[in-house]
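The primary structure of each chain is shown beneath.
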Protein chains: 2
Amino acid sequence: MTLSGELKGTVVITGKQGIEELHGTSFYGRPRGETLELSLAESAYLIYMKKITVKCEGEELDFERFFIRASNIVKNFELFYIVYKDLRGRGYYVQPSDIGFRVYPRGGRPGRGPAEFLVFVTSERIPLMLSELREHLDNSDNKKKRLILAIVDEESDITHYEAKKLNPSGTSVLKPGKLNSVVTLLEDRCMVWEPEESNMLHKEGFFGKPMDEGHLQLSLVESSYLLNRGIMEIEKRDHEKLDFTEFSEIATRIESDFMIKYKVYEKLRTSGLVPKTGFKFGTHFRVYKSFDSISHSDYLVHAISHDHVFSLQQVSRAVRLANSVKKEMIYAVVSDSIDFIVIGRVRL
Amino acid sequence: MTLSGELKGTVVITGKQGIEELHGTSFYGRPRGETLELSLAESAYLIYMKKITVKCEGEELDFERFFIRASNIVKNFELFYIVYKDLRGRGYYVQPSDIGFRVYPRGGRPGRGPAEFLVFVTSERIPLMLSELREHLDNSDNKKKRLILAIVDEESDITHYEAKKLNPSGTSVLKPGKLNSVVTLLEDRCMVWEPEESNMLHKEGFFGKPMDEGHLQLSLVESSYLLNRGIMEIEKRDHEKLDFTEFSEIATRIESDFMIKYKVYEKLRTSGLVPKTGFKFGTHFRVYKSFDSISHSDYLVHAISHDHVFSLQQVSRAVRLANSVKKEMIYAVVSDSIDFIVIGRVRL
């Protein structure tokens, strides 16, 4: 026998029987005194499962009419429904939260241990502000939950990503000596002309790329890092010396995001990591935990500013590519400090 | 014994001996009467190989001084040098061209058969205008050569891509009948409520995604395509009917690039292909050649407008991702017609 409920505002209310039959056995809804309160997603799902019927002002709403009504009440209701149905369908107990859902671990349920995940529901088309993501991260940290982004694509497939804060560190200790020769800034890279110093820089810190035997090319970030550390001096082709500020200005004209890239590069280096260009992977850096094992890099790191807005399509591509080459995709947020957020695909 | 040459303008000139020793055996340079003309990249390479010395106004230029001089004459000279050295180092015969180099096939050489490749040299940081790429494509088509993009990253690694025109086509013949029920536009997707028609659309053309048994969600492009073909009618939640123009306007508010996406979707469908969302891959579409073999898609297709400017970092990420899942990365250029350009990584 199906239970009957009444749509009131943004929830559906059933009588006492709902508490026993829907909540007691399967943890749908939240008991409120003698009644059970169901969310719109729960209600649509229970109508579809033929477990309840819902009336509004005396008129019964079938699935189609309830769904259209709900989607008029809650923006993007269909996304919430799709994600809810998927989670329930795979045996998870799910309760609503302000960003989407609280989801209990396998074997867990409301009243027996805490929820494990906070699931943030969104569409691939909705840009995600970094500030919003950080708020969700802080919130789930406070609640000791894992933050999951459930992203619904235009054909209603769901992809789950987990976002976490991270403090990456490595074991590389850097000890290149000061260069005696002078390095030249060419168009958008620098050249070390002196063979022994070229070799030293490459061997002692995995800096640059040997152009041939004896000549080492350094990238702009590498060059400015070594300049800033006092390890080398840089001059232009007309032999005019450049200090760190002048060099940074030139580099910023070449790549507009140079300064945030540089700050992340410096932070990674001082954390014992070895960053090299991530061009082949479409990110700023690929990063090695040490340069004893320089054959496989561990992270792909992309520098973003604190007002960054993610395109979820780009995040999707970046994470998928990183995982396909067995690396973690990390966003480095540059403000007064550098914070790292790793985003990875998870299968719930 | 090393030959001597003289830097004159943008070339180095050697005497008759150069024709025999450099051109006759190894196809460096171009004979001009009694002299041999060498490009700046050839000359820098030959200085490095200790095969020539170069003077300018009586003063001998060592490798460092010649290199700095050359990079003052030719913008991004270092890129040309890096690519030239790499190609020669791997046994290819190379001649200069206006966009970079003409490269002879393995076993080929100047004077014995034509060059196989036109190599366009650029840096990862230089945005590539679609119009420029198309010019190079037309040019290499006219010359019956393969167009290679040699992209030098910030650490001087070279990645080679081949760009080609393409006319993708498939074998899918579409025959869904007209729907009797009306489809509802929700927030950013449409819903077919009638179970039999839901199944028919999904089975007869691989449209949409079943939300559950009996309800089918259609994406915006799918919906507008079926609307435009007269296969179904769409109404808003308040039951107001939408024609193609009205629907397109709403869809464009939801995704600003809707119209170019739609045009490419339509072109792919009428070419016998089955496009579905490419969200998981960070592109507009993944495309199947038929829906008999719907398990593996063949192409990733991204719609771009005729005034598009490529970020090579993004191209790199897209191509790498496509290849890692055994698909071809195709850019669909939307102007009066739709042209397809496939970009793939090649190992020369």
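All values derive from a computational prediction rather than experimental measurement.

The rules behind each value
- Residues numbered from 1 in each chain as written.
- Chains lettered and ligands numbered in written order.
- Predicted model: local features only at pLDDT ≥ 70, side-chain atom pairs only at ≥ 80, totals over all residues.
- Helix = DSSP H or I, 4+ residues; strand = E, 2+ residues; numbered from the N terminus.
- Rg over C-alpha atoms; globule rule 2.2 N^0.38 Å.
- Buried ≥ 20, exposed ≤ 12 C-beta atoms within 10 Å, placed from the backbone.
- Contact = placed C-beta atoms within 7 Å.
- Nonpolar A, V, L, I, M, F, W, Y, C, P; charged D, E, K, R; others polar.
- Axes fitted to C-alpha atoms, helices over the stretch in contact; angles between N-to-C directions.
- Parallel < 35°, antiparallel > 145°, perpendicular 65-115°, else oblique.
- Least-squares fit on C-alpha atoms with pLDDT ≥ 70 in both.
- pLDDT = per-residue confidence, 0-100.
- Pairing = 2+ DSSP bridges.
- Expected span 1.5 Å × (residues − 1).

A.B. asks: Sorry, what's going on with the overall build of chain A here?
C.D. replies: Looking only at helices and strands, one finds 10 helices and 24 strands in chain A. Here the C-alpha atoms of chain A give a radius of gyration of 27 Å, more than 25% beyond the 20 Å that 2.2 N^0.38 yields for 348 residues. With the C-alpha coordinates of chain A rotated into their principal frame, the extents come out at 90 × 35 × 30 Å. The buried share among the 348 residues of chain A stands at 43%. A fraction of 52% describes how many contacts in chain A between residues 6 or more apart in sequence connect residues 24 or more apart.

A.B. asks: In this structure, what is going on with the interface of chain A and chain B? I would like to understand it.
C.D. replies: Often, the extent of an interface is quoted as the loss of accessible area on bringing the components together. With 48 residues of chain A at the interface, the matching set in chain B holds 48 residues. Where the side of chain A that touches chain B is concerned, the elements lending two or more residues are helix 3 (63-73), helix 4 (77-89), strand 15 (209-212), strand 19 (274-277) and helix 10 (312-324) of chain A. If one sorts the elements of the side of chain A that touches chain B by residue count, helix 10 of chain A sits on top with seven residues. Here the residues of the side of chain A that touches chain B sort into 11 nonpolar, 16 polar and 21 charged.

A.B. asks: I would appreciate a short explanation of the packing of helix 2 (residues 40-48) of chain A against helix 3 of chain A in the present structure.
C.D. replies: Helix packing for two helices is described by the angle between their axes and how far apart those axes are. All names here are of chain A. Put simply, helix 2 and helix 3 touch, their axes get as near as 10 Å, and they point 170° apart. Comparing the axis directions of helix 2 and helix 3 gives the class roughly antiparallel. Across the interface between the two elements, Leu40, Ser43, Ala44, Ile47 and Tyr48 from helix 2 touch Phe63, Phe66, Phe67, Ala70 and Ile73 from helix 3. Considered class by class, the residues forming the contact of helix 2 with helix 3 number nine nonpolar, one polar and no charged.

A.B. asks: Can you help me understand helix 7 (residues 220-228) of chain B in this one?
C.D. replies: Quick reminder: α-helices carry 3.6 residues per turn. Residues three or four places apart thus point the same way. All names here are of chain B. Most of helix 7 is tucked away, with eight of its nine residues classed as buried. Within helix 7 the residues assigned to the buried category are Leu220, Val221, Glu222, Ser223, Ser224, Tyr225, Leu226 and Leu227. Check the buried side of helix 7 and you find it contacts strand 13 (183-185), strand 14 (190-192), strand 16 (215-218), strand 17 (234-235), helix 8 (244-254) and helix 9 (258-270).

A.B. asks: What should I look at first to understand unusual backbone geometry in this one?
C.D. replies: Outside of glycine, negative phi angles account for most residues, and trans bonds account for most peptide bonds. All names here are of chain A. With a phi angle near 60°, lysine 50 is a residue other than glycine that sits in the positive phi range. Checked against the element boundaries, lysine 50 lands in the loop between helix 2 and strand 5 (52-56). Taking the C-beta count within 10 Å as the criterion, lysine 50 has 9 such neighbours and is therefore assigned exposed. The phi angle at asparagine 76 is positive, at roughly 60°, despite the residue not being glycine. When you line up the elements, asparagine 76 lands in the loop between helix 3 and helix 4.

A.B. asks: Help me out: how do you make sense of the relation of the copies chain A and chain B in this one?
C.D. replies: Two chain copies here: they are related by a rotation about an axis and a translation along the same axis. Mapping chain A onto chain B leaves a residual RMSD of 0.0 Å; the transformation is a rotation of 180° accompanied by 0.0 Å of translation along its axis. Put plainly, the chains are arranged around a two-fold axis. Taking C-alpha positions as the reference, the residue of chain A nearest the rotation axis is A:Leu321, at 2.7 Å. Interface overlap between copies is the fraction of interface residues in one copy that are interface residues in the other; for chain A against chain B it reaches 100%, indicating a shared surface.

A.B. asks: In this structure, what is going on with the confidence of the model for chain A? I would like to understand it.
C.D. replies: If pLDDT is low for a region, its predicted coordinates should not be looked at in detail. Counting all residues, the mean pLDDT for chain A is 94, and 99% of those residues have values of 70 or more. The ipTM, which scores confidence in the relative placement of chains, is 0.87 for this predicted complex, and the corresponding pTM is 0.91.

A.B. asks: Mind showing me how you'd approach the sheet that holds strand 5 (residues 52-56) of chain B here?
C.D. replies: Sheet strands pair by backbone hydrogen bonding; their relative direction is either parallel or antiparallel. Residue and element names in this part refer to chain B. Sheet architecture is open: six strands sit in the order 3-4-2-1-5-6, paired in mixed fashion. At either end of the open sheet lies a strand with only one pairing partner, and these are strand 3 (30-32) and strand 6 (59-61). Pairwise comparison of adjacent strand axes, ignoring direction, gives a mean angle of 40° for this sheet. Bridge count between strand 1 (residues 3-8) and strand 5: four bridges; the pairing is parallel. Residue pairing for strand 5: serine 4 is matched across the bridge by threonine 53.

A.B. asks: Help me out: how do you make sense of the sheet that holds strand 11 (residues 146-152) of chain A in this one?
C.D. replies: Residue and element names in this part refer to chain A. Here 10 strands make up an open sheet; going across it, the order is 7-8-9-11-12-24-23-21-20-19 and the pairing mixed. Looking along the sheet, the strands with just one partner apiece sit at the ends: strand 7 (94-97) and strand 19. The mean inter-strand angle of the sheet, taken between neighbouring strand axes irrespective of direction, is 30°. Sheet topology places strand 23 (residues 328-334) next to strand 24 (residues 338-345); six bridges connect them, and they run antiparallel. From the neighbouring strand, valine 334 faces strand 24, where its bridge partner is isoleucine 338. Each of strand 9 (117-123), strand 11, strand 12 (158-166), strand 21 (299-305) and strand 23 touches helix 5 (residues 130-142); the most contacted strand, strand 11, lies at about 140° to it. Along the sheet, helix 9 (residues 258-270) makes contact with strand 19, strand 20 (285-288), strand 21, strand 23 and strand 24, crossing strand 21 at roughly 135°.

A.B. asks: Where do I start with helix 9 of chain A in this structure?
C.D. replies: Residue and element names in this part refer to chain A. Helix length check: helix 9, at 13 residues, gives a terminal C-alpha distance of 18 Å against a target of 18 Å (1.5 Å per residue), a fit within 8%. All buried positions along helix 9 are accounted for by Phe258, Ile260, Lys261, Tyr262, Val264, Tyr265, Lys267, Leu268 and Arg269. Directly beyond the C-terminal end of helix 9, a positive phi value near 80° is found at glycine 272.

A.B. asks: Honestly, the pairing of strand 15 (residues 209-212) of chain B in this entry has me stumped. Any pointers?
C.D. replies: The side chains of a regular strand alternate between both faces of the sheet. Residue and element names in this part refer to chain B. Here strand 15 pairs with strand 16 via three bridges, running antiparallel. Directly across from proline 210, in strand 16, lies its bridge partner leucine 216. Counted between consecutive antiparallel strands, the loop separating strand 15 from strand 16 contains two residues, among which glycine 214 sits at a positive phi close to 110°.

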